Amino acid sequence: VVRVEGTSSSCAMRMTGTGFVAAPGLVVTNAHVVAGTDHVGVRVKGVGKQYKARVIYWDKKMDVAVLSVTGLKVTPVEIGVEAKRGTGAVIAGFPGGGSLKLVPAGVRSSSTAGGTDIYGLTPVKRRIYALLSDIKQGDSGAPVIGLDGKVIGMVFASSATDSKLGYALTPNAFQGIATLDAAAKSVSTGACISE
């Protein structure tokens, strides 16, 4: 698990979120975590050296981004399958951009849900979980880790009305992207997201 740290000179903003190593040198996070950034770095477990990262995949509809990180020697996680209702899990994230926290979670439901892209403009449908968990800002991109140690989802939002409810993408949103080439060219990260 890594803390993702980004800066944007055009928006005069600093952003933090969470990501996880899905393949050698590749970190998966949310597209909104790195939207509009000029510079992105990651810190393993949120401490020590910041490794420079390049965004090589960015999907504003699915809210998924992949970072290529040179010199990152971390064993990748194993990606699991979509979990059933009632499955227990742990969310490993950096709430508030602070230190690494492990928070218990339970899958309340999984469904194909309608929503919008990260800018609230284009309608999209995606497979998501509703999670019973205490998800905070900074947990975006955090892996949802099943009790077998496999990643079964990725956090993308907390509920606006219930502090004990959050939302995560199911693994089909990011399963195939771990095969991307770490040497791929950098891509645009779109416009900043105003808070």
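In short, a report on the structure. Given the structure is predicted, the values throughout are model-derived calculations rather than measurements. Position numbers for residues count from 1 along each chain, tracking the sequence in the order it is written. Note on the predicted model: pLDDT of at least 70 is required for a residue's local features to be given, and 80 or more for side-chain atom pairs to be given and counted; whole-chain, interface and lining totals, by contrast, use all residues. As a rule here, side-chain values come from all non-hydrogen atoms in the structure, and water together with hydrogens is ignored.

**Some thoughts on the pattern of salt bridges**
What makes a salt bridge here is a side-chain nitrogen of Lys or Arg within 4 Å of a carboxyl oxygen of Asp or Glu, nothing more. Inspection of every chain in the model, using the stated rule, returns 5 salt bridges. The residue Arg43 makes a salt bridge to Glu5 at a minimum N-O spacing of 3.0 Å. With a gap of 38 residues between them, Arg43 in strand S4 (residues 39–44) and Glu5 in strand S1 (residues 2–8) connect regions that are remote in the sequence. Relative accessibility decides the category of a residue: with a 1.4 Å probe and only protein chains considered, values under 20% of the type maximum give buried, values over 50% give exposed, and everything between is partly exposed. Judged by its relative accessible area of 23%, Arg43 falls in the partly exposed class. Labels follow the DSSP assignment, with helices taken as runs of H or I lasting at least four residues and strands as runs of E lasting at least two, numbered in each case from the N terminus.

**Things to note about the sheet that holds S1**
A pair of strands counts as paired when DSSP detects no fewer than two bridges linking them. Here 6 strands make up a closed barrel; going around it, the order is S1-S2-S3-S6-S5-S4 and the pairing antiparallel. Sheet twist, expressed as the average angle between the axes of neighbouring strands with direction ignored, equals 40°. Where strand S5 (residues 51–59) meets strand S6 (residues 64–69), 6 bridges bridge the pair, whose relative direction is antiparallel. Residue pairing in the sheet places Arg54 in a bridge with Ser68 of S6. An axis is simply a line fitted to the C-alpha atoms; with a helix, the fit covers only the stretch in contact. Between two such axes, the angle follows the N-to-C directions and lies from 0 to 180 degrees.

**Quick notes on the environment of Gly19**
With respect to the secondary-structure elements, Gly19 resides in strand S2 (residues 13–23). On the accessibility criterion, Gly19 (0% relative accessible area) is buried. Put simply, Gly19 and Val1 are 18 residues apart on the chain and 5.9 Å apart in space, counted from C-alpha to C-alpha. Whether two residues are in contact is decided by their heavy atoms: any pair within 4.5 Å suffices. Among residues more than four places away in sequence, those in contact with Gly19 are Val1, Val2, Val4, Val27, Val28, Thr29 and Gly141.

**Notes on the state of the cysteines**
A covalent bond between the sulfur atoms of two cysteines is what we call a disulfide. Two cysteine sulfurs form a disulfide in these notes if their separation is within 2.5 Å. Overall, the coordinates contain 1 disulfide when judged by the stated rule. Between the sulfur of Cys11 and that of Cys192 lies a disulfide, 1.7 Å long from S to S. Between Cys11 and Cys192, the S-S torsion sits near 100°, and that sign places the bridge as right-handed. Here Cys192 lies in the segment after strand S12 (165–169) and Cys11 lies in the loop between S1 and S2, a separation of 181 residues in the sequence. With relative accessibility at 26%, the residue Cys11 sits in the partly exposed group. Judged by its relative accessible area of 18%, Cys192 falls in the buried class.

Function cannot be read off these values alone, since they describe shape.
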